[in-house]
Amino acid sequence: MTNDPQPPDNVTPEIFARWRSPRRGTGNPERLTDPYWQWMIRSRATAYRANKIFDGPSPFQAGPGWCFDRFGPSTSQLPDGRTLLIAGEHEDYYDPDFYIYNDLVVMHPSGEIDVYGYPTDLFPPTDFHSATLLDDRIVLVGSLGYPKDRRIGETQVLTLDCRSYAVTPVKTNGAGPGWLHNHQAELTDGGTSILITGGKLVRSNDEQLVENIDDWKLQLSDWRWQRLTDRRWARFTVSRADRK
């Protein structure tokens with residue numbers, strides 16, 4: 001007796017071998033829809049479970065397996081019934097299946113599922129971001145990301161076109177919060193700006209995280225950041241004397 005989700009007949013060992021591993025897209029976007037990933041999305045099977053079912057290779061040698069069991073994705077419900085699920089990560093950095101995604105999963109009202117991938121220079125691996133629906137596009141703010149991709153002092157902002165699914169990096173100006181993630185975003189001022197509160201910031205290359213205690217506004221007309229508060233609260237860091 002097993003509790004493992006069982007794949008449908010069209011997900012063969014050959015299909016698993018071909019689509020087992022994550023991949024980045026080469027277009028903006030590149031459609032990467034296939035039976036194995038569709039089954040993984042519907043079943044929410046972990047990479048470990050799927051690898052066990054198909055007796056796949058060890059991720060320590062073959063690299064992480066593709067997975068839709070994720071932390072820090074975003075979910076946007078569109079007026080026409082589509083649901084757009086964006087990026088996120090699987091597991092933590094010490095797990096062999098750890099991977100930060102830069103993809104888009106579209107769930108259609110008909111039950112069909114599409115997957116799209118992107119080049120990392122347009123859509124970096126992204127997790128713990130916010131997604132704000134604005135007419136026919138989604139504004140993605142923030143990311144934790146891989147340490148090598150973090151731009152200390154900057155805030156990642158991207159837009160996703162809900163019609164073409166193209167992703168566009170946005171160059172902002174003004175004084176932004178910095179490398180922010182796991183925050184809250186709210187469309188405000190009659191839909192002309194996004195209010196950002198909470199979350200955490202990476203402020204140095206040693207990866208130390210600090211709580212974001214201030215409020216910020218991103219003006220959508222010219223992509224200008226505005227700092228709304230300057231809370232100079234005392235903060236304390238507690239650590240071991242040997243820094244371990």
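Below, the structure is looked at part by part. Here the structure is a predicted model, which is why all the values come from computation and not from measurement.

### Thoughts on the pairing of strand β4 (residues 99-107)
For β4, a buried count of eight out of nine residues is recorded, marking the element as mostly surrounded by other parts of the structure. Two elements, strand β3 (residues 83-90) and β4, share seven bridges in a ladder whose sense is antiparallel. Residue pairing for β4: Glu89 is matched across the bridge by Ile100. Here β4 runs beside strand β5 (residues 113-117); their pairing, made up of four bridges, is antiparallel. Paired with Met107 across the bridge in β5 is Ile113.

### Quick look at unusual backbone geometry
Note on backbone geometry: most residues besides glycine have negative phi, and most peptide bonds are trans. The omega torsion of the bond from Asn28 to Pro29 falls at 5 degrees, within 30 degrees of zero and hence cis. With respect to the helices and strands, the residue Pro29 is situated in the loop between α1 (13-19) and β1 (30-31). Look at Tyr165: it is not a glycine, yet its phi comes out positive at around 65 degrees. Tyr165 gets classed as buried once you look at its relative accessible area, which sits at 8%.

### Observations concerning the nonpolar core
Where a protein is soluble and globular, its nonpolar side chains tend to be buried together. Tyr36, Trp37, Trp39, Met40, Ile41, Trp66 and Val105 are the most contacted members of the largest nonpolar core, which totals 26 residues. Elements with a contribution of two residues or more to this core: α1, α2 (35-43), α3 (47-53), β4 and β5. Ranked by residue count, the leading element in this core is α2, at five residues. When neighbours within four sequence positions are excluded, Met40 is seen to be in contact with Ala45, Thr46, Ala47, Ala50, Trp66, Cys67 and Phe68. Counting residues in each nonpolar core, the second largest holds 16 residues, with Ile86, Phe123, Cys162 and Tyr165 among its members.

Rules used in this analysis
- Residues numbered from 1 in each chain as written.
- Predicted model: local features only at pLDDT ≥ 70, side-chain atom pairs only at ≥ 80, totals over all residues.
- Heavy atoms only, no water.
- Buried < 20%, exposed > 50% of the residue type's maximum accessible area, 1.4 Å probe, protein only.
- Helix = DSSP H or I, 4+ residues; strand = E, 2+ residues; numbered from the N terminus.
- Pairing = 2+ DSSP bridges.
- Core = buried A, V, L, I, M, F, W, Y, C linked by side-chain atoms within 4.5 Å.
- Contact = heavy atoms within 4.5 Å.

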